[in-house]
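One-letter residues, chain by chain:
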Amino acid sequence: MENPAINDHQLHPLISQRWSPRAFDSKLVEKDKLAQLFEAARWSSSCFNDQPWAFIVATKDDTVNYQKLLDCLVPANVIWAQVAPVLGLVIAQKNFKHNGKPNAWAEYDAGQATATLVLQATALNLVVHQMGGFDPAKAIATFNIPETAKPVAAIAIGYAGETSNLPTELQDREIAPRARYPLSSFVFTSEWGISAPFV
Ligand SMILES: Cc1cc2nc3c(=O)[nH]c(=O)nc-3n(C[C@H](O)[C@H](O)[C@H](O)COP(=O)(O)O)c2cc1C
């Protein structure tokens, strides 16, 4: 299924087609496509070009590590994410590599790298569903994540599946129109709350 943005201004199809379905096909993702996703993340921009992101990823055929990732998700996400052929954690490395000082932009950059990965996925006809609903403490313990790194999100990657395969209560959410606040509510000029004239 597709659920394109109902955009007010013209968008590149990569942006309008991207969305976060919960219905995944169980088909495995080709290894070269997976590599392309992380190559896209690699070429994201970052403060001081520090590249403070890391990913812990497992494909479903790696049953042990896949299960470990699945066990980090909150139950509401496990319901649908367990069908996805690839699960992962997005991690921000807290300190700059060049001087060891705290990097205030680490999470921003990790999110930006993930957004870049998601667009590459869209170009490959894949979908990515990002999740805040996971247990960071469990992720840290399970995967030996050092104190200098922070798991910030989980991701499910795969091909979009049939909505009818979801539990009934999730089907309605899946087909609901996607909504966004208007540009005038967040693009300001002169001072906070004053909409920019071009929106
Ligand atoms: C950081 C982040 C955390 C999210 N956490 C969850 C989550 O735990 N469970 C879930 O089903 N969706 C989650 N989502 C997906 C959002 O609900 C979704 O992106 C939002 O509703 C907009 O829909 P769209 O991505 O299809 O445009 C998350 C998305 C982001 C970016």
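Scroll up to find the structure this text is about.
Quick summary incoming for the structure in this document.

Rules of the game
Residues numbered from 1 in each chain as written. Predicted model: local features only at pLDDT ≥ 70, side-chain atom pairs only at ≥ 80, totals over all residues. Heavy atoms only, no water. Pairing = 2+ DSSP bridges. Helix = DSSP H or I, 4+ residues; strand = E, 2+ residues; numbered from the N terminus. Axes fitted to C-alpha atoms, helices over the stretch in contact; angles between N-to-C directions. Contact = heavy atoms within 4.5 Å. Buried < 20%, exposed > 50% of the residue type's maximum accessible area, 1.4 Å probe, protein only. Salt bridge = Lys/Arg side-chain N within 4 Å of Asp/Glu carboxyl O. Polar contact = N/O pair within 3.5 Å; in protein donor to acceptor, adjacent residues only side chain to side chain. Patch = residues over 30% accessible without salt bridge, like charges linked within 9 Å, V, L, I, M, F, W, Y side chains within 5 Å. Areas by Shrake-Rupley, 256 points an atom, 1.4 Å probe, with all protein chains shown as cover. Arc of directions from axis to C-beta.

What to know about the sheet that holds strand β1 (residues 53-59)
(1) Moving on: Overall, antiparallel pairing links the four strands, which are arranged β1-β2-β4-β3 in an open sheet. Each end of this open sheet is capped by a strand with a single partner; those strands are β1 and β3 (127-131). The mean angle between the axes of side-by-side strands here comes to 25°, regardless of whether they run parallel or antiparallel.
(2) Moving on: Strands β1, β2 (86-93) and β4 (149-158) of the sheet are contacted by helix α2 (residues 31-42), whose axis makes an angle of about 170° with β1.
(3) Moving on: On the sheet, helix α6 (residues 136-143) packs against β1, β2 and β4 and is oriented at approximately 90° with respect to β4.

Overview of the environment of Asp 172
(1) Moving on: Secondary-structure assignment places Asp 172 in helix α7 (residues 168-175).
(2) Moving on: We classify Asp 172 as exposed; its relative accessible area is 56%.
(3) Moving on: C-alpha separation for the pair Asp 172 and Pro 4, spaced 168 residues apart in sequence, amounts to 16 Å.

Examining the pattern of salt bridges
(1) Moving on: One pass over the full model with this rule turns up seven salt bridges.
(2) Moving on: The shortest N-O distance in the salt bridge between Glu 147 and Lys 94 comes to 3.7 Å. Placement of the pair is Glu 147 in the loop between α6 and β4 and Lys 94 in the loop between β2 and α5 (106-123), with a sequence separation of 53 residues.
(3) Moving on: A relative accessible area of 67% places Glu 147 in the exposed class.
(4) Moving on: In this structure, Lys 150 and Glu 107 form a salt bridge, with 3.1 Å as the shortest nitrogen-oxygen distance. Linking Lys 150 in strand β4 with Glu 107 in helix α5, this pair joins segments that are 43 residues apart in sequence.
(5) Moving on: When salt bridges with common partners are traced through the structure, they connect Lys 27, Glu 30 and Lys 33 into a single cluster.

Description of the side chain of Asn 3
(1) Moving on: In this structure, Asn 3 sits in the segment before α1 (13-17).
(2) Moving on: Of the residues examined, Asn 3 reaches a relative accessible area of 10% and is grouped as buried.
(3) Moving on: Polar contacts involving the side chain of Asn 3 include one to the main-chain carbonyl oxygen of Glu 174, which spans 3.3 Å.
(4) Moving on: A polar atom in the side chain of Asn 3 sits 3.3 Å from the backbone oxygen of Ala 176.
(5) Moving on: If we skip the residues at most four places from it in the chain, Asn 3 touches Trp 19, Glu 174, Ile 175, Ala 176 and Arg 178.

Focus: the pairing of β4
(1) Moving on: Among the ten residues of β4, eight are classified as buried, and the element is accordingly described as predominantly covered.
(2) Moving on: When β2 meets β4, the two strands line up antiparallel, connected through eight bridges. Across the sheet, the residue bridging to Val 86 is Ile 157, located in β4.
(3) Moving on: Pairing of β3 with β4 involves five bridges; the strand directions are antiparallel. Within β4, the position partnered with Met 131 by the bridge is Ala 154.

Side note on a nonpolar patch on the surface
(1) Moving on: There is a patch of nonpolar side chains on the surface, built from Tyr 181, Leu 183, Phe 186, Phe 198 and Val 199 and spanning about 580 Å² of accessible area.
(2) Moving on: Take Val 199: its relative accessible area is 31%, and that puts it in the partly exposed class.

Side note on helix α3 (residues 63-70)
(1) Moving on: Within the span of α3, buried status applies to Tyr 66, Leu 69 and Leu 70. The arc enclosing the buried residues of α3, seen along the axis, measures out at 100°, which places them on a common side.
(2) Moving on: Residues of α3 that are buried in the fold lie against β1, α4 (75-81), β2 and α6.

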